[in-house]
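Listed here are the chains, written in short residue letters.
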Amino acid sequence: MFEQLELLLPRVSKPVQYIGGELNATVKDWDTAAIRWALMYPDAYEVGLPNQGIMILYEVLNEQHDVLAERTYAVWPDLEKLMREHRVPQFTVDSHRPVGEFDLLGVSFATELGYTNLLTALDLAGIPLHAAQRTNGHPIVIAGGHAAFNPEPIADFIDAAVLGDGEEAVLEITDAVREWKAQGQPGGRTELLTRLGEIDGVYLPGAYDVSYLPDGRIAGIVRNTERVAHRVAKRTTMDLDEWPYPKQPLVPIAEIVHERMSVEIFRGCTRGCRFCQAGMITRPVRERSIEGIGEMVEQGLKASGFSEVGLLSLSSADHSEIREITKGLADRYEGTGTGLSLPSTRVDAFNIDLANEISRNGRRSGLTFAPEGGSERIRRVINKMVSEEDLIRTVATAFGAGWRQVKLYFMCGLPTETDDDVLQIAHMAHRVIRAGREVTGSKDIRCTISIGAFVPKPHTPFQWAGQEDPDIVDSRLRKLRVEINSDRRIGRNVGMRYHDGKPALIEGLLSRGDRRVGRVIERVWRDGGRFDGWSEHFSYDRWVTACAAELAALGVSLEWFTTRERDRDEVLPWDHLDSGLDKDWLWDDWQDALSGREQDDCRWTPCFDCGVCPSMGTDIQVGPSGRQLLPISPAGR
Ligand code: SF4
């Protein structure tokens, strides 16, 4: 079908994103494959291509002799329009095959704002939007990614969801589909789905019935077949060294958000930031070994030709051997122009030696820290155990070592937040500038503050919190801008970037909604909703209108799902989905937050029984192992 598509490409923006052919892309013979996966990242190519989750599953599946996996991304509205006019279906970029011809469509949701793009892809692929209307010939639609820890808002549109790590689960799903096909498809689609529901970590919305109380709260969520578990427990890949993917990183042909090769150095985090869903649902911490990291960097650079390596995790400076890793890699690639980078580092884990190692071979990237809260008080509430003194001391050291700009991430609308907590952000930024000027004697010191609106997420201590009214969030951000400029001599060196509160409220609806929200998503989509993660495409009014139209009759509303605080006994839409965290522990941590009590990291303090390790029969596995980065001869010498 590429010929059909090719005729349309000259008439759309960024056509290169649709042609595939990247270095390390895999195109396998269609006819000899027993199982065919289409893997989708429900956003534009430039955002989806570097996604590690998709890249890992792409390689894991294509390594199987009789399995092929291809990729598909959300198409921009200009191409969608032409595809409808010219009857061109949703396609994969590897061999430009119609997605509707695959056995399985796996969709990785890093954010809930990709839900309307799922409906576009299903519709363009000729797959019925509602799972209940699909027949044997239609692909099995499976959701994954962090949003899949509460897939209830899209329960109508998916056949299944995988909770947690996908490496092993996708192979077990493939085996089940292969066996069912080989047996002649006994019991049809229903039997196949039930077999998938018997796989650990696979959740079948259709196998659970939800009932509601007169006041709109959920009365119960019960399975309607004995062949699935009462609660579906997440999958956890315990030994990352056994899964050294991606080995052949995809090299994009179009400009993308991160032009670098990434190596995941550990998974999970127990720092315990109470707003952070990723940190909660990916426990326990599992470190990749220093040898494993060294081999992946070596192999990945050889296979891709990238000149920068990102050492990825939720808090990379917390890897117990980060010094040895960064020094070893900096030594190995000295003089080759291969740079290293760490995503944002915690103030309390950052040190100048690490920063110098990181920037030894490459360009010196800006410094990024995430205090998240403006005041000490609010940082105790969110359990972001960073003192302002820590931050000022760290940035002063960095300015002294030659850095000239720093970026600070904050959130607004946090539980218990006051105007003063937000205004403190201005004071912190002013102190950063003053510290830099003092250390360097230069006026050319810049501080950028980036603020997002807080969204309470499932499986976190804040899952019961009421979300702040967007008008209050916006008014606090306006006051903050005034406060930043209250001293013009300093304020002009402080940049402020923020997302207003409205998109966050819709993200809140999609994060903590239940099955009744599905009809809102569908109405928004039918009304033209697409790319809700992009401000130029997002329409708050469209969502508000759809909520009013679809939820009022059910006795609930947008505010009911978002700004309403839940009490302890309320059945939450995801209570039958087990992230390993004990619900009582989450509630106690929520109470600690309300009383400003901090909880330290269990990597260096006694276990505080969050429930994860016992539920997996494991304990935290962190180094140092004392092992060395393999002394591969320095590249290029
Ligand atoms: S069970 Fe204990 S050791 Fe394991 S992640 Fe939770 S608090 Fe940490």
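Counting starts from 1 at the beginning of each chain's written sequence and moves along it residue by residue. Per-residue local features of the predicted model are confined to residues with pLDDT of at least 70, and side-chain atom pairs are confined, for both listing and counting, to 80 or more; whole-chain, interface and lining totals are unaffected and use all residues. Derived side-chain values reflect all non-hydrogen atoms in the structure, with water molecules and hydrogen atoms excluded from consideration.

### As for the nonpolar core
A general tendency of soluble globular proteins is for nonpolar side chains to be buried together.
Thinking step 1. We call a set of buried residues a nonpolar core when its members are Ala, Val, Leu, Ile, Met, Phe, Trp, Tyr or Cys and they connect through side-chain atoms within 4.5 Å of each other. Buried residues are those whose accessible area, probed at 1.4 Å on protein chains only, stays under 20% of the maximum for their type, while exposed residues exceed 50% and partly exposed ones sit between those limits. Ranked by size, the top nonpolar core spans 138 residues in total, and within it W37, I173 and L196 carry the most contacts.
Thinking step 2. Every residue pair with non-hydrogen atoms within 4.5 Å of one another is taken to be in contact. If we skip the residues at most four places from it in the chain, L196 touches I140, I173, A176, V177 and V202.
Thinking step 3. Formed by 36 residues, the second largest nonpolar core is a distinct cluster that contains F369, L391, I425 and I445.

### Considering the packing of helix α3 (residues 52–62) against helix α6 (residues 167–182)
Thinking step 1. In this analysis, axes come from line fits to C-alpha atoms, helices being fitted only over the stretch in contact, and the angle between any two N-to-C directions falls in the range 0 to 180 degrees. The numbering of helices and of strands both runs from the N terminus, where a helix is a DSSP run of H or I of at least 4 residues and a strand a run of E of at least 2. Look at α3 against α6: their axes get within 10 Å of each other, and the N-to-C directions meet at 40°. Relative to α6, the element α3 is oriented oblique. The crossing of α3 and α6 is right-handed. Here I56, L57, V60 and L61 of α3 come into contact with α6, specifically with E167, V170, L171 and T174. Convention used here: angles under 35 degrees read as roughly parallel, angles over 145 as roughly antiparallel, angles from 65 to 115 as roughly perpendicular, and any remaining angle as oblique. For a crossing to be left-handed, the near helix must be turned anticlockwise from the far one by less than a right angle; the clockwise case is right-handed.

### Some thoughts on the site of the ligand
Thinking step 1. Near the ligand lie 11 residues; those nearest to it are C602, C607, F608, C610 and C613.
Thinking step 2. A breakdown of the residues in the shell around the ligand according to their chemical character gives eight nonpolar, two polar and one charged. Nearness here has a simple test: a residue counts as near a molecule or strand if at least one of its heavy atoms is within 4 Å of that partner. Under this grouping Gly is polar, as are all residues other than the nonpolar Ala, Val, Leu, Ile, Met, Phe, Trp, Tyr, Cys and Pro and the charged Asp, Glu, Lys and Arg.

### Examining a negative patch on the surface
Thinking step 1. Nonpolar side chains (Val, Leu, Ile, Met, Phe, Trp, Tyr) are joined into patches within 5 Å and like charges within 9 Å, using only residues with over 30% relative accessible area and no salt bridge. Note on areas: these come from Shrake-Rupley sampling with a 1.4 Å probe, and a residue is covered only by the protein chains present in the view. For this document, the term salt bridge refers to a Lys or Arg side-chain nitrogen within 4 Å of an Asp or Glu carboxyl oxygen. Positive residues here are Lys and Arg, negative ones are Asp and Glu, while His and the chain termini are left out of the count. Note on charges: their place is set at NZ of Lys, CZ of Arg, CG of Asp or CD of Glu. Taken together, the side chains of D239, D241, E242 and E295 make up a negatively charged region of the molecular surface.
Thinking step 2. Here D241 lies in the loop between β9 (232–233) and β10 (261–264).
Thinking step 3. D241 sits in the partly exposed class, given a relative accessible area of 31%.

### Digging into the sheet that holds strand β13 (residues 308–312)
Thinking step 1. Pairing between strands requires that DSSP locate at least two bridges from one strand to the other. Pairing is parallel across the open sheet formed by three strands, whose spatial order is β10-β13-β14. The open sheet has two edge strands, β10 and β14 (339–341), and neither has a second partner. Looking at each pair of strands side by side, their axes are set apart by 25° on average, direction ignored.
Thinking step 2. As defined by bridge partners, β10 adjoins β13 across four bridges and the pair is classed as parallel. Of the residues in β13, the one forming a bridge with V263 is L311.
Thinking step 3. The strands touched by helix α9 (residues 290–304) within the sheet are β10 and β13, with β10 carrying the most contacts at an inclination of about 160°.

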